[in-house]
Amino acid sequence: MQLHRTDTPFNRDERNKQNENWEAIEQGYNNVVETVSIKAFNEVVNAAKLNWQNPVDTYEDITPTYPNPEEGWAVMARKDSSDYPTGPDDERRAGTVWRYTGTEWKAIQQIDPTVINEVDTRLTEQLDQAKIDENGFVYPSVKDRLDTEHEEVTTQLAQETNNIESSSVVFKKMNTSPTSTLGNQLTICCWGNSLTAGNGASEGGDWPTRLKEYLNQISRSGQTINIINRGVGGDNTKMSDERWPTPSGADITILFLGTNDYDHVRSMEEFTYHYENIMKRELNNGTSLVLVTAPQWGSKDWMVKPSNGSLQDYNEVIKGLGRKYNAPVLDLFAETRNLDASAYKDGEGVPKIHYNDVGYQMVSQKIAAMIGFQAPTTINPLKNGGFLGVRPAVDGIKFQGNYYYLDDQVRYPTPGETNVGRGLGVQTADTELVFYYGVYVEEDNLAIIPSFKFTAIDGTEKLEVSINNNSMPINYNNSLMYYTDVTRGYPTSRLNLTNANFPNGFALPNVTQNFYKSPANAKYLIFPTKGYYTIKVSMKYCEFHGFDLVSANTMMLMRSRTDTGWVPFTVQNGAVKQGSASLENVYRIERRGNLNEVTVRLNLTGVQVGVTFAQLPSNVADGIVKHFWLNDSNKPIRVAVGATGAIATGATPTSTLIGEFSYKI
């Protein structure tokens, strides 16, 4: 600090210098005080702040655990030091909090460590447990386990994506792709037990052989389907896995196992392990998988055992593996719940497991419907109110030969099997055309009603429709909805229609069937239970649009609604139609369930009082006299319908009798 020196007596200048000296002294003092205050404050803050670190076991563990501490770090010791106490001032006991001052660790407070130690112990135990995976392997840390499992999941997802892509290629190969792209040979391997071997079937009647025959029948030109049958009577999944330890090399593998695992009381763990082992081996070899659940037995009470639960428990494993590996599952257990006794092996006692030719034919058609037309994930389910058309790759349809749509410029397939276009219906003349569907029906008792028009009515026309190759041994699921023309039992699976099947006046020229225009006379087939089905259509002199899809319950109600339309009746005893008016003398009967509504229209002159001027048919009368009021040109006139249908008036009209009346019978 620089101050002024006074060597002479005071004057104005010297006085000013003295004042400046005091100002300098005061400013310096203030600066010193502020600096000291800030430093002191910082020292207080630093001495008070705490930065908590994880606890250690004892005081002696602090330095090894935290070799480079920072001022303010605080650590609690969980336990007493091993030689505690060494004297009255020894603070190295459990619960002491030690703070680093910048040069040393000093005790600052004492807390009860019990709660903290309990929580810490539990967390430590849980973390130790989290290091162990489901197979008992212990990872060095939880992070190591998470990293490893993340890598496994990523790999699995990549594999599943590959499974989906490879399956799409295989199903495309089977269905619509040109020969030049994917070749002519396709192999299917069928794994199973005696149900796959064909116990109960005639020679060649097993479902793998029937599947081969059907797929070759519907496959595109030049393509051949081959079958490897790995079905052995008595095999459970473990035996099948060990019997064939190498991949099949097939394009598609169908796993139809589980019945003997349940029947022979094999453990669920063993079943799951070997089933998945077969799946992995086939998938790793590039094969697409289709899984089939074990079907129901004829004796339902045998499907639950105290020793190993129910047959359905094993099927749930199959469904779960299907979800895990993105493999389609045919739930044959659900689709055979109403299987008729005629499908089971002749003479076989309880529990009735094996099928005969009828039953195996049904199995082959369901599998064919699932894999033979489109990739299973692209099949549109059929349900009430829908329509099944003729669109390739959309409606699950396969054509044989060249099919002409109603627009002559649009045809599919062409000789080169390329999709040139799509129309709303196909047509043919004298050449018989055949096509097939593979469908999934989403609900029980769904009716399909063909929508078509014959282009000839001389007996050369025809439309044939069959379900499951004319084999559908499945009972209806709702016994209450049927009456009159439909009997209980398993339904018919074939329609064979010509013009003669339809009554006169049923339809438009050349007989067009449209269910919604005339439901009473519509011809139909019914899928008794939900599931997979095939449909075959063959036709001549016919335009075909597809199938209306209607719940059988709804269909029965709609078919009970009939309408005769306006029917002329003859007038008599001098009564004649009045002039050239457009109103005719007609009647109409509309049926609504069990009730008929009759409507009569009159336009007459020359009517005599008390004299019958018209006679309605006997089905319009119910034995009860009815009275109605109509108008002539001047006043209301009472008209009576007699008990037998005779119509007369109670007064003589002065000019005309014109009007309409209705009644119910």
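Calculation notes
- Residues numbered from 1 in each chain as written.
- Predicted model: local features only at pLDDT ≥ 70, side-chain atom pairs only at ≥ 80, totals over all residues.
- Heavy atoms only, no water.
- Helix = DSSP H or I, 4+ residues; strand = E, 2+ residues; numbered from the N terminus.
- Buried < 20%, exposed > 50% of the residue type's maximum accessible area, 1.4 Å probe, protein only.
- Contact = heavy atoms within 4.5 Å.
- Areas by Shrake-Rupley, 256 points an atom, 1.4 Å probe, with all protein chains shown as cover.
- Core = buried A, V, L, I, M, F, W, Y, C linked by side-chain atoms within 4.5 Å.
- Expected span 1.5 Å × (residues − 1).
- Pairing = 2+ DSSP bridges.
- Axes fitted to C-alpha atoms, helices over the stretch in contact; angles between N-to-C directions.
- Left-handed = near helix turned anticlockwise from the far one by under 90°.
- Nonpolar A, V, L, I, M, F, W, Y, C, P; charged D, E, K, R; others polar.
- Polar contact = N/O pair within 3.5 Å; in protein donor to acceptor, adjacent residues only side chain to side chain.

- Where an unreviewed UniProt entry is consulted, the chain appears under the name SGNH/GDSL hydrolase family protein, with the organism given as Ornithinibacillus xuwenensis.

**Thoughts on the overall build of the chain**
No. 1: Helix and strand content of the chain: 14 helices and 34 strands.
No. 2: Looking at the 665 residues of the chain, the share that counts as buried comes to 44%.
No. 3: Across the chain, the fraction of contacts at a sequence separation of at least 24, relative to all contacts at a separation of at least 6, is 68%.
No. 4: Counting only carbon and sulfur atoms, one obtains 51% of the accessible surface of the chain, whose full area is about 33000 Å².

**Overview of unusual backbone geometry**
No. 1: The peptide bond linking Tyr84 to Pro85 adopts the cis configuration, its omega dihedral lying at -5°.
No. 2: Within the fold, Pro85 resides in the loop between β2 (73-76) and β3 (96-100).
No. 3: The phi angle at Tyr541 is positive, at roughly 45°, despite the residue not being glycine.
No. 4: With respect to the helices and strands, the residue Tyr541 is situated in the loop between β23 (531-540) and β24 (542-551).
No. 5: Judged by its relative accessible area of 23%, Tyr541 falls in the partly exposed class.
No. 6: Positioned with a positive phi, Asn573 is a non-glycine residue whose angle comes to about 55°.
No. 7: Residue placement: Asn573 occurs in the loop between β26 (567-568) and β27 (576-577).

**Regarding the nonpolar core**
No. 1: Grouped together as the largest cluster of nonpolar side chains are 92 residues, with contacts concentrated most on Ile254, Tyr437, Ile535, Phe544 and Phe547.
No. 2: Sort the elements by how many residues they give to this core and helix α13 (residues 357-371) lands first, with eight residues.
No. 3: Ignoring any residue separated from it by four or fewer positions in sequence, one finds Ile535 in contact with Leu388, Phe435, Tyr436, Tyr437, Val439, Ile448, Val465, Ser466, Phe527 and Phe547.
No. 4: Counting residues in each nonpolar core, the second largest holds 22 residues, with Tyr587, Val600, Val620 and Ile647 among its members.

**Focus: helix α10 (residues 268-284)**
No. 1: With 17 residues, α10 ought to run about 24 Å at 1.5 Å a step, and its terminal C-alpha atoms sit 24 Å apart, in line with that.
No. 2: Within the sequence span of α10, burial applies to Glu270, Phe271, His274, Tyr275, Glu276, Ile278, Met279, Arg281, Glu282 and Leu283.
No. 3: Backbone geometry just downstream of α10 places Gly286 in the positive-phi region, at approximately 85°.

**Observations regarding the sheet that holds strand β4 (residues 105-110)**
Think of a sheet as strands paired side by side through backbone hydrogen bonds, with each pair either parallel or antiparallel.
No. 1: Taken together, the four strands give an open sheet; going across it, the order is β1-β2-β3-β4, and neighbouring strands pair in mixed fashion. Every other strand in the sheet has two partners, leaving β1 (51-52) and β4 as the edge strands with one partner each.
No. 2: Judged from the three bridges that link them, β2 and β3 form a sheet pairing that is antiparallel. In the strand pairing of β3, Val75 is matched with Trp98.

**Let's talk about the packing of α10 against helix α11 (residues 311-324)**
No. 1: Running from N to C, α10 and α11 cross one another at 35°; their axes reach a closest spacing of 11 Å. Like other packed secondary-structure pairs, α10 and α11 cross with a definite hand, here right-handed. Taken together, the residues of α11 that come into contact with α10 (itself represented by Met268, Phe271, Thr272, Tyr275, Glu276 and Met279) are Asp313, Tyr314, Val317, Ile318, Leu321 and Lys324.
No. 2: Considered class by class, the residues forming the contact of α10 with α11 number eight nonpolar, one polar and three charged.

**Considering the sheet that holds strand β7 (residues 252-256)**
No. 1: Spatially, the five strands line up as an open sheet ordered β6-β5-β7-β8-β11, and their pairing is parallel. One side of each edge strand has no neighbouring strand; the edge strands of this open sheet are β6 (224-231) and β11 (329-330).
No. 2: Bridging between strand β5 (residues 185-192) and β6 involves eight bridges; their strand directions are parallel. Note that in β6 the partner of Cys189 across the bridge is Ile228.
No. 3: Helix α7 (residues 207-218) contacts β5, β6 and β7 of the sheet and is inclined by roughly 170° relative to β6.
No. 4: Across the face of the sheet, α10 comes into contact with β5, β7 and β8 (288-292) while running at roughly 155° to β8.

**So, α13**
No. 1: An ideal rise of 1.5 Å per residue puts 21 Å on 15 residues; α13 measures up with 21 Å between its terminal C-alpha atoms.
No. 2: Most of α13 sits out of view: 13 of its 15 residues are buried.
No. 3: One side-chain oxygen of the residue at the start of α13 lies 3.0 Å from the amide nitrogen of Val358, identifying that residue as Asn356.

**Describing the pairing of strand β33 (residues 646-649)**
Each regular strand displays side chains that alternate between the two surfaces of the sheet.
No. 1: Residue alternation in β33 divides its side chains into two sets, Ala646 and Ala648 and Ile647 and Thr649, and both sets are buried.
No. 2: Sheet topology note: the strand β30 (residues 614-615)/β33 ladder contains two bridges and is antiparallel. The partner of Ala614 across the bridge, within β33, is Ile647.
No. 3: Direction of pairing for strand β32 (residues 636-641) relative to β33: antiparallel, over a ladder of three bridges.

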